[in-house]
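The lines below spell out each chain.
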Amino acid sequence: ILDAMNARIQGSAEAGPDWDPRALLQHAGGSQTASAAEVELLHRFDSAVATMELLSREDQTHVRAVLETIVQGQAMDLKRFSGATADRLTALRRLEETEDYTFRVAGCVGEFWTRECASHLVSAHEWDERSQVEDGIRFGKGLQWVNILRDLPRDLRMGRCYLPSEELAEVGLVPKHLLAITAWTQLKPLYLKWTDHAEEHLNAGWRYLMRTPAHQRRLRFASAVPLVLGYRTLSLLRNGNPLDPQSRIKASRAEVRSALWQIALACLGLRGWSQIQSWARESRSR
């Protein structure tokens, strides 16, 4: 079905798949999480593609490129984790595989976002598109790394481990060990290494934010919100036990509200960006 959808998106097929979205969701066991709106969206796939075809040629090129990468990543996930359960855990093997996954899920979106901004919002003399694309990719990858690290208990219980098994083996662990919260003591040094890796990507996102023209306030705001909350989540992960499925670590509503106000003030020039970054990264004791 994904292949048929992508063929329609890319323009190599005149129609999407012949399917019943509700039957598909029931078969996949997704009826528990799929909303009525998601079912409706699947029903309207062909009309969505038709709407895409009303865009300019350049915009269509950008949309098709990012969707092809995302669909390829989805297909890889379906094949990689086919039959995976908590009792039959499947893990990525090397760090390069995790990096590739984060690109296909989110890094490619950073590239898409940047090229669209360059087409419609930011002139060539206001930023270097090549540098922004590179850091935009890392920005997206950093956010996905945060998701991987935060959602580890849930993913493990679905039979999925996006953290590289080769590195786990170096500290005497295999993915199934991570189902026990007591494995945290053994995992912690390696986990902190991964949080540092995620933060390096987010730092590229911070460069991206700072190179975005100050007069593009809405663009800065839209970029800053996930970035600041990503930093904040990493800080919280470093100071909790991310293996505990009963304690999903995330920024509180109060912290989210504080972040939104601080970012809005910074976009208006009433607060320093460095102060916001410091706040988001505070409490990094290990």
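Use the structure listed above.
Read on for an overview of the structure. (Residues numbered from 1 in each chain as written. Predicted model: local features only at pLDDT ≥ 70, side-chain atom pairs only at ≥ 80, totals over all residues. Heavy atoms only, no water.)

Packing of helix α7 (residues 129–150) against helix α11 (residues 217–238) leaves a shortest axis separation of 10 Å and a crossing angle of 35°. For the pair α7 and α11, the sense of crossing is left-handed. Across the interface between the two elements, Phe 139, Leu 143, Val 146, Leu 149 and Arg 150 of α7 pack against Ser 223, Pro 226, Leu 227, Gly 230, Thr 233, Leu 234 and Leu 237 of α11. (Axes fitted to C-alpha atoms, helices over the stretch in contact; angles between N-to-C directions. Helix = DSSP H or I, 4+ residues; strand = E, 2+ residues; numbered from the N terminus. Left-handed = near helix turned anticlockwise from the far one by under 90°. Contact = heavy atoms within 4.5 Å.)

Residues Leu 149, Leu 187 and Trp 273 are the most contacted members of the largest nonpolar core, which totals 51 residues. Mapped onto this core, the elements with two or more residues apiece are α6 (95–120), α7, α8 (152–157), α10 (184–211), α11, α12 (253–267) and α13 (273–281). By residue number, the principal contributor to this core is α10, which donates 10 residues. Setting aside residues up to four positions removed in sequence, Leu 187 forms contacts with Leu 168, Leu 173, Leu 178, Trp 194 and Leu 243. Counting 6 residues, the second-largest nonpolar core is a separate cluster that includes Met 5, Ile 9, Val 49 and Met 52. (Core = buried A, V, L, I, M, F, W, Y, C linked by side-chain atoms within 4.5 Å. Buried < 20%, exposed > 50% of the residue type's maximum accessible area, 1.4 Å probe, protein only.)

For α6, which comprises 26 residues, the first-to-last C-alpha distance of 36 Å matches the rise-based estimate of 38 Å (1.5 Å per residue) to within 8%. Remark: the principal bend of α6, roughly 55°, maps to Arg 104. Lining the buried residues of α6 we find α5 (57–80), α7, α10 and α11. (Expected span 1.5 Å × (residues − 1). Bend = angle between axes of the 7 residues up to and from the residue.)

Note that every value here comes from positions in space, so none of it alone points to a role or purpose.
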